Amino acid sequence: MDASAPPIALVISDVDGTLVTTDKRLTPATRAAVRRLAQAGIGFTIASSRPPMGLAGLVADLDLRLPLGAFNGSTVVAPDLRILSETLIPAAVARDAVARMTRDGLDIWVFAHGAWTLRDPRGPYTDLERRTLGAEPTVVADLDPLLDQAAQIVGVSADAAHLAACETRLAAALGEGADVHRSQPYYLDVTPAGAGKGGFVDAMSRRLGIDRARIATLGDAGNDVPMFSKVGLSIAMGNADPAVKAAARAVTADNDSEGFSRAIDEFVLHRPPA
């Protein structure tokens, strides 16, 4: 790494595909790496596509004390999950997104009013999301009444190639109305425009008075790239797509091979002093 780079004061990590394993576990090595950051006086928090309720277990397991970014950072919550700031998708954009996802044959989830709502409780990856969030979805016949207050809309498909094509079409159609990124090969997230993980980096820099050059970010997916360009140190996971790796300053091992803890030791804690 650059010997003239300033020391890191804050680490912001993605969760799924980065901080946890494929089967959604925090390994002992990851827990220990977060403790080492605290012992070194380096702040740590997370920015995730998960809703606030999906972050509660991580707060407890990792003793997180800084604000967290939910819904790709567009909703900022305290460690007790109180909402500190929230940006919603404009209603017309939300309805357009749902109409297009429906035509593409995607299963659709809407996160609004603090709840996870869907039409098909047996859709693809619904059981995985139940385990991830530790919560049950609300099942409705019509999602439209929720679209005036949607924080995030997720299109779900077991066909990764089809979902990638949907991402390209939907991003072009919605333009500047919303941010459109896959957070996993099977999840396509629609979140408020300009309020994603890059915005969360800016918010944390202002809130904590830490220059962005002293922030490190870790991630594996397209929705993590907006925070890579904002910071002094960006680290892509070994399981990331080539385009995500190309956007980062460093690449670590994959999330099932202790990539997070290895990145903390190699690139953050062993970073040369200013």
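As a starting point, this report considers the structure included with it. (Residues numbered from 1 in each chain as written. Predicted model: local features only at pLDDT ≥ 70, side-chain atom pairs only at ≥ 80, totals over all residues. Heavy atoms only, no water.)

What the chain contains, in helices and strands, is 9 helices and 14 strands. By the compact-globule yardstick of 19 Å for 274 residues, the chain fits well, its C-alpha radius of gyration being 18 Å. Principal-axis analysis of the C-alpha atoms gives the chain an extent of 55 × 35 × 35 Å. Within the chain, the fraction of its 274 residues that count as buried is 53%. Partitioning the intrachain contacts of the chain with sequence separation of at least 6 by distance along the chain shows that 58% fall at a separation of at least 24. (Helix = DSSP H or I, 4+ residues; strand = E, 2+ residues; numbered from the N terminus. Rg over C-alpha atoms; globule rule 2.2 N^0.38 Å. Buried < 20%, exposed > 50% of the residue type's maximum accessible area, 1.4 Å probe, protein only. Contact = heavy atoms within 4.5 Å.)

Another point: the sheet that holds strand S1 (residues 10–13). Here we have 5 strands laid out as an open sheet, ordered S2-S1-S12-S13-S14, and parallel in their pairing. Each edge of the open sheet carries a strand with a single partner, namely strand S2 (43–46) and strand S14 (250–251). In this sheet, strand S12 (residues 215–219) lies alongside S1 in parallel orientation, the contact comprising 4 bridges. Within S12, the residue paired with Leu 10 across the bridge is Ile 215. Against the sheet, helix H6 (residues 197–208) contacts S1, S2 and S12, and its axis sits at roughly 155° relative to S1. (Pairing = 2+ DSSP bridges. Axes fitted to C-alpha atoms, helices over the stretch in contact; angles between N-to-C directions.)

Turning to the pairing of strand S9 (residues 150–156), a few remarks are in order. Within S9, 7 of the 7 residues are buried, which leaves it mostly tucked inside the rest of the structure. Bridge analysis of strand S6 (residues 107–112) against S9 gives 6 bridges, and the strand direction is antiparallel. Bridge assignment links Ala 112 to a residue of S9, and that residue is Ala 150. Direction of pairing for S9 relative to strand S11 (residues 187–192): antiparallel, over a ladder of 4 bridges. Along S11, the bridge assignment pairs Val 156 with Tyr 187.

Turning our eyes to something else, we now look at the packing of helix H3 (residues 91–103) against helix H5 (residues 160–174). At a minimum axis separation of 11 Å, H3 and H5 run at an interaxial angle of 150°. In terms of their interaxial angle, H3 and H5 are classed as roughly antiparallel. Crossing handedness for the pair H3 and H5: right-handed. Facing H3, whose interface residues are Val 93, Asp 96, Ala 97, Arg 100 and Met 101, H5 presents Leu 170, Ala 173 and Leu 174. Tallied by class, residues from the contact of H3 with H5 come to 6 nonpolar, no polar and 2 charged. (Parallel < 35°, antiparallel > 145°, perpendicular 65-115°, else oblique. Left-handed = near helix turned anticlockwise from the far one by under 90°. Nonpolar A, V, L, I, M, F, W, Y, C, P; charged D, E, K, R; others polar.)

Here we come to the pattern of salt bridges. Here the structure, examined in full by the defined rule, presents 18 salt bridges. Between Asp 16 and Arg 50 there is a salt bridge, with its nearest N and O atoms 2.8 Å apart. Of the two residues, Asp 16 is situated in the loop between S1 and helix H1 (28–39) and Arg 50 in the loop between S2 and helix H2 (56–62); the sequence distance between them amounts to 34 residues. There is no split in this pair, since Asp 16 and Arg 50 are both buried. A salt bridge links Asp 127 to Arg 130, with the nearest nitrogen and oxygen atoms 2.6 Å apart. Of the two residues, Asp 127 and Arg 130 are both situated in helix H4 (residues 126–133); the distance of 3 residues between them amounts to about one turn of the helix. Using a relative accessible area of 48% as the deciding quantity, one classes Asp 127 as partly exposed. Among the charged side chains, a network of salt bridges with common partners joins Asp 14, Lys 197 and Asp 224. (Salt bridge = Lys/Arg side-chain N within 4 Å of Asp/Glu carboxyl O.)

Along the chain, the position of Thr 117 falls in strand S7 (residues 115–118). For Thr 117, the residues in contact, after removing those within four places along its chain, are Ile 108, Trp 109, Val 110, Thr 138, Val 140, Leu 143 and Leu 146.

Moving on to unusual backbone geometry. Here the phi dihedral of Asn 72 falls at roughly 60°; this positive angle occurs in a residue that is not glycine. Mapped onto the secondary structure, Asn 72 falls in the loop between strand S3 (68–70) and strand S4 (75–77). A positive phi angle, near 70°, is found at Tyr 125, a position not held by glycine. Along the chain, Tyr 125 turns up in the loop between S7 and H4.

On to H5, then. Its 15 residues give H5 an end-to-end C-alpha distance of 21 Å, which sits within 8% of 21 Å, the value for a rise of 1.5 Å per residue. For H5, the complete set of buried residues consists of Leu 163, Cys 166, Glu 167, Leu 170 and Leu 174. Along H5, the residues classed as buried sweep out an arc of 110° about the axis, all on the same side. Among the exposed residues of H5, those pointing more than 90 degrees away from its buried face are Ala 161, Thr 168 and Ala 172. Close packing links the buried residues of H5 with H3, S9, strand S10 (178–184) and S11. (Expected span 1.5 Å × (residues − 1). Arc of directions from axis to C-beta.)

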